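Residue-level structure breakdown
Below are the chains, spelled out letter by letter.
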Amino acid sequence: MPSMQEELAAFKDPQLVRGLIESIHKLAPAEGATLMEVCGTHTVSIARNGIRALMPEGCRLASGPGCPVCVTSNKDIDTVIALCRVPNVIIATFGDMTRVPGSTSSLLKEQAAGRDVRIVYSPLDALKIAQDNPGREVVFVGVGFETTTPLVAMAIKRAAALGLKNFTVFAAHKNMPGALEAIVNDPQLKVDALILPGHVSTIIGAEPYRFLAEKYGIPGVITGFEPVDILQGIGMIMRQLHEGRAEIEIAYARGVMWEGNPVALAAIDEVFETCTATWRGLGPIEGSGYRIRPAFGRYDAVKRFRPEVEPTQDPKGCRCGDVLRGIMPPSDCPLFRTVCTPENPVGPCMVSSEGSCAAYYRYY
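Description of the structure in this document. This structure is a prediction, so every number in the text was calculated from the model and none was measured.

Side note on the nonpolar core
In terms of nonpolar packing, the biggest core is built from 94 residues, with I91, I156, F167, L194, L196, Y209 and F272 touching the most fellow members. Once residues lying within four places of it in the same chain are set aside, the contact partners of L196 are V38, H42, L180, Y209, L212, G220, V221, I222, T223 and I248. In this structure, I24, L61, I195 and I230 belong to the second largest nonpolar core, which totals 22 residues.

Encoded structure:
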């Protein structure tokens with residue numbers, strides 16, 4: 001069995017990289033193929049390491065809805081902004097969310113106007129704020145895929161165990177398989193195969209993707225985030241296409257088990273139930289979201305405060321939704337690099353470090 005040092009050395013082995021690239025070109029379909037990466041971290045790694053330029057002629061990598069901040073709908077952003085305007089409320093959120101523009105404002109603008117908005121690095125930080133401020137109401141903004149959902153579930157369970165009465169969550173969590181089904185059914189986009197997300201798959205495993213191969217004949221490979229990981233995943237996909245197979249395979253065995261993480265999945269199931277969620281660019285998708293179960297309803301911020309949410313308006317000219325669907329690259333958006341920049345983002349795809357627009361702006 002190789003040592004850790006030997007495994008790490010493989011990530012920087014030029015001979016291995018050349019062999020993977022040669023294999024990809026040798027196996028690529030003559031008619032070309034569209035492979036979609038559906039993880040924001042993959043999008044950034046592909047851009048940073050120039051992997052898109054290594055693809056065979058006629059084959060392209062399309063970025064999908066893998067950025068949790070980006071796919072959060074304007075209505076959800078507006079709801080968070082409405083919650084921060086509730087008297088005596090402290091909003092605790094991850095940093096990217098503060099800059100995402102809603103219909104008429106953002107958390108950053110609300111903070112500048114005097115609202116109490118605090119950046120945290122974990123839901124447990126929000127619990128600490130609630131413990132330290134017993135006279136205030138703390139709302140944690142729960143945004144993310146299955147990677148962060150168990151952490152929020154555990155925070156809610158911890159709040160219940162502590163008897164905290166001033167802690168609630170705005171739950172806008174989403175699950176990836178539902179979005180993938182919407183993607184493969186999109187008439188404007190023909191996806192031949194999927195580079196499946198590594199982080200999400202450490203939680204849910206590979207089983208939930210099986211329907212893609214069995215029902216739709218779409219091959220998929222779960223892979224890690226190093227350039228060698230991604231090239232290996234692309235090579236495995238090309239082999240499936242070359243052999244006419246459609247299977248779900250794991251190229252990230254050091255992090256992903258077929259059955260997933262049973263402890264994390266049990267925490268999600270105990271605290272949350274699935275519901276219809278609205279994705280930016282994809283619209284409402286049945287069963288693709290998580291809401292807090294009635295047993296933990298006292299920790300649902302919307303139920304507790306019932307904020308008045310302003311009418312939703314989408315930013316004019318922003319094509320973030322089409323970018324998230326993979327039907328156009330960010331550079332085709334008329335606002336890209338002119339009106340819309342990381343310093344002045346019009347849409348969330350330019351805000352988040354995992355956003356396709358931010359990656360294209362920085363690396364292309």
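Description of the pairing of strand β6 (residues 167-173)
It is a general feature of regular strands that their side chains alternate between the two faces of the sheet. The buried fraction of β6 is high, at six of seven residues. Here strand β5 (residues 137-144) pairs with β6 via seven bridges, running parallel. Bridge assignment links V138 to a residue of β6, and that residue is F167.

A few points about the pattern of salt bridges
Considering all chains together, one arrives at 24 salt bridges under this definition. Between D76 and K174 there is a salt bridge whose closest N-O contact spans 3.9 Å. Of this pair, D76 sits in helix α5 (residues 74-84) while K174 sits in the loop between β6 and α9 (176-184), and the two are 98 residues apart along the sequence. The same class applies to D76 as to K174, namely buried. Note that E249 and R245 form a salt bridge whose closest N and O atoms lie 3.4 Å from each other. Accessibility expressed as a relative area gives 17% for E249, which makes it buried. Residue classification places R245 among the partly exposed positions, given a relative accessible area of 24%. Look at the salt bridges and you will find they share partners, linking R239, E243, R245, E247 and E249 into a network.

Cut-offs applied
- Residues numbered from 1 in each chain as written.
- Predicted model: local features only at pLDDT ≥ 70, side-chain atom pairs only at ≥ 80, totals over all residues.
- Heavy atoms only, no water.
- Core = buried A, V, L, I, M, F, W, Y, C linked by side-chain atoms within 4.5 Å.
- Buried < 20%, exposed > 50% of the residue type's maximum accessible area, 1.4 Å probe, protein only.
- Contact = heavy atoms within 4.5 Å.
- Helix = DSSP H or I, 4+ residues; strand = E, 2+ residues; numbered from the N terminus.
- Pairing = 2+ DSSP bridges.
- Salt bridge = Lys/Arg side-chain N within 4 Å of Asp/Glu carboxyl O.

The quantities given are spatial measurements derived from coordinates; they are silent on function.
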